[in-house]
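Here is how the chains run, residue by residue.
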Amino acid sequence: MKIKNRYFGEVEYQAGDKICFPEGLFGFEEQKEFLPISFEEDTDTMLCLQSLENEELCFVLLNPFRFFADYNPQISEADRIAIGTSRDEDISYYVIGVIREPLADSTVNLKAPIAVNYRTRDARQIILEDPAYTFRHGLGEAIRGDE
């Protein structure tokens, strides 16, 4: 199968590559199937999450642990059931980013991460109760700390 993506042009994929959001993403509830495309081979630091139902819709995702070592999302049992696992080791987390120039001005949504059961490829966007996490958390400090 193929899909056109704004960053990578035409991309080939297999059915097993897609991620399914039975409830969609917040604000995009009708979009259920997405293809994660890595910006760099063999790393999930930054991904493009391409809708398979609307070629115009894609999001930039970041692995929050690459930037915020102390990030510790605690999800509910209902969220775990929704993605089909109770085991922490089955869950990968990603956050939606707004990438700007310079990169230090970019933000990520640490408050509403995407939890993916990497075994079943079922996913859900969740809202964390922790007040330390915001919807527009700046990447500036994390990037400067990496330099």
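My aim in this report is to walk through the structure given alongside it, one point at a time. Only a predicted model underlies this, so the values are computations on that prediction, with no experimental measurement involved.

## A few points about the packing of aromatic side chains
Working step 1: This structure, assessed with the given rule, holds 9 aromatic pairs.
Working step 2: Centroid distance phenylalanine 65 to tyrosine 71: 5.7 Å. Interplanar angle 55°. Geometry classified as tilted.
Working step 3: Among the aromatic side chains, those forming a connected cluster through ring pairs are Phe21, Phe28, Phe34 and Phe59.

## Brief notes about the layout of surface pockets
Working step 1: Considering only enclosed or pocket space, the largest pocket measures out at about 250 Å³ in volume.
Working step 2: Taken together, 13 residues make up the lining of the largest pocket; nearest its centre are Ile96, Val98, Asn109, Phe135 and Arg136.
Working step 3: Top element by residues in the lining of the largest pocket is strand 7 (residues 91-98). It accounts for 3 residues.

## Re the pairing of strand 2 (residues 9-12)
Working step 1: Where strand 1 (residues 2-5) meets strand 2, 4 bridges bridge the pair, whose relative direction is antiparallel. Residue pairing in the sheet places lysine 4 in a bridge with glutamate 10 of strand 2.
Working step 2: Here strand 1 folds back onto strand 2 in antiparallel fashion, the turn holding 3 residues.

## Looking at unusual backbone geometry
Working step 1: In the segment running from glutamate 101 into proline 102, the intervening peptide bond is cis, with an omega of -5°.
Working step 2: By the element assignment, proline 102 lies in the loop between strand 7 and strand 8 (107-108).
Working step 3: In this structure, aspartate 42 takes a positive phi of about 65° despite not being glycine.
Working step 4: Position of aspartate 42 among the secondary structure elements: in the loop between strand 4 (33-38) and strand 5 (46-51).
Working step 5: By relative accessible area, aspartate 42 is classed as exposed at 76%.
Working step 6: Positive phi, close to 70°, is recorded for arginine 121, a residue that is not glycine.

## Digging into the environment of threonine 134
Working step 1: Relative to the helices and strands, threonine 134 resides in the loop between strand 10 (122-125) and strand 11 (137-138).
Working step 2: Between the alpha carbons of threonine 134 and glutamate 53 there is a distance of 29 Å; along the sequence they are 81 residues apart.
Working step 3: With near-sequence residues (within four places) excluded, threonine 134 lies in contact with Val108, Asn109, Leu110 and Lys111.
Working step 4: Reaching out from threonine 134, the side chain makes a polar contact with the backbone nitrogen of histidine 137 at a distance of 3.2 Å.

## Here's the deal with the side chain of asparagine 117
Working step 1: If you trace the backbone, asparagine 117 turns up in strand 9 (residues 114-117).
Working step 2: For asparagine 117, a relative accessible area of 2% corresponds to the buried category.
Working step 3: In this structure the side chain of asparagine 117 is engaged in a polar contact, spanning 2.9 Å, whose partner is the backbone nitrogen of arginine 119.
Working step 4: Non-local contacts of asparagine 117, meaning those with residues more than four positions away in its chain, are made with Ile83, Gly84, Thr85, Asp90 and Asp122.

Rules used throughout
- Residues numbered from 1 in each chain as written.
- Predicted model: local features only at pLDDT ≥ 70, side-chain atom pairs only at ≥ 80, totals over all residues.
- Heavy atoms only, no water.
- Phe/Tyr/Trp six-rings, centres within 6.5 Å; stacked < 30°, edge-to-face > 60°.
- 1 Å grid on protein atoms, 1.4 Å probe; cavity = no way out; pocket = protein on both sides within 12 Å on 5 of 7 lines; lining within 4 Å.
- Points joined across faces, edges and corners; volume = space filled by probe spheres on them.
- Helix = DSSP H or I, 4+ residues; strand = E, 2+ residues; numbered from the N terminus.
- Pairing = 2+ DSSP bridges.
- Buried < 20%, exposed > 50% of the residue type's maximum accessible area, 1.4 Å probe, protein only.
- Contact = heavy atoms within 4.5 Å.
- Polar contact = N/O pair within 3.5 Å; in protein donor to acceptor, adjacent residues only side chain to side chain.

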